[in-house]
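# Notes for the structure review
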Amino acid sequence: INYIKKGIMKNQKVLTAMVLAILFSAQANAQKTKLSKNEVPIKITNYINQNFKDHKIKKVIKEINNNIAEYEIKLNKKVELEFDESFKIKEIDSKFGVSTLLLPTPIVEYVQAHYPDFIIIEWKLNEHGQEVELSNGSEIQFNPNGNFIK
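First things first, this report covers the structure right here in the doc. Worth saying up front: this structure is predicted, and the values here are computed from it rather than measured.

Attention now moves to the overall build of the chain. A tally of helices and strands in the chain yields 3 helices and 8 strands. Reading the secondary structure of the chain in the N-to-C direction produces α-β-α-β-β-β-β-α-β-β-β. Put simply, the chain has 150 residues, and 31% of those count as buried. Taking all contacts inside the chain whose residues are at least 6 apart in sequence as the whole, residues at least 24 apart take part in 33%. Counting only carbon and sulfur atoms, one obtains 53% of the accessible surface of the chain, whose full area is about 10600 Å².

Shown next as structure tokens:
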């Protein structure tokens, strides 16, 4: 009888763990919604119109993760942008090069001094600082102020 009770208890623990795993994974999954051009927040539209005048919006995705919205924008000419919940730019990806006018001066100066033959094709801003990827594949990290880390 003890073997039966132990088997039932073990099965209940496994079942409970499985149910919890399913619930947490369902919660962790992001909710993605495609937006029309008219649904793009005005601050994002203004940023694009000001900094990417020769580009057109091809696709806009609003992604909600843990009640925090982010916006992924695909433009023509192989440009992708990402904005945070406050509509601030947090990522620029351009295979033809990110405009140095959009980047902090210390980052631009560092790259020009140490990698003069390469262009910045990606820039990211996160809670730890900033990161750029160069056309040669190098990734360089900077602190929030744009000072070189590694």
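Next comes the rest of the account.
Three- or four-residue spacings in an α-helix give side chains the same orientation, since the helix completes a turn every 3.6 residues. Those residues of helix α2 (residues 42-51) not exposed but buried are I44, T45, Y47 and I48. Relative to the axis of α2, the buried residues are bounded by an arc of 160° and lie together on one face. Turned more than 90 degrees off the buried face of α2, the exposed positions are I42, K43 and Q50. Tucked into the core, α2 has its buried residues touching β2 (57-65), β3 (68-75), β4 (79-83) and β5 (89-94).

Let's shift gears to the pattern of salt bridges. Applying the stated criterion across every chain, the model contains 6 salt bridges. One salt bridge connects E82 with K90, and the closest N-O pair in it is separated by 3.6 Å. Of the charged contacts in the structure, one is a salt bridge between D93 and K95, with a shortest N-O distance of 3.3 Å. One network of salt bridges, in which partners are shared, links E70, E82 and K90.

Cut-offs applied
- Residues numbered from 1 in each chain as written.
- Predicted model: local features only at pLDDT ≥ 70, side-chain atom pairs only at ≥ 80, totals over all residues.
- Heavy atoms only, no water.
- Helix = DSSP H or I, 4+ residues; strand = E, 2+ residues; numbered from the N terminus.
- Buried < 20%, exposed > 50% of the residue type's maximum accessible area, 1.4 Å probe, protein only.
- Contact = heavy atoms within 4.5 Å.
- Areas by Shrake-Rupley, 256 points an atom, 1.4 Å probe, with all protein chains shown as cover.
- Arc of directions from axis to C-beta.
- Salt bridge = Lys/Arg side-chain N within 4 Å of Asp/Glu carboxyl O.

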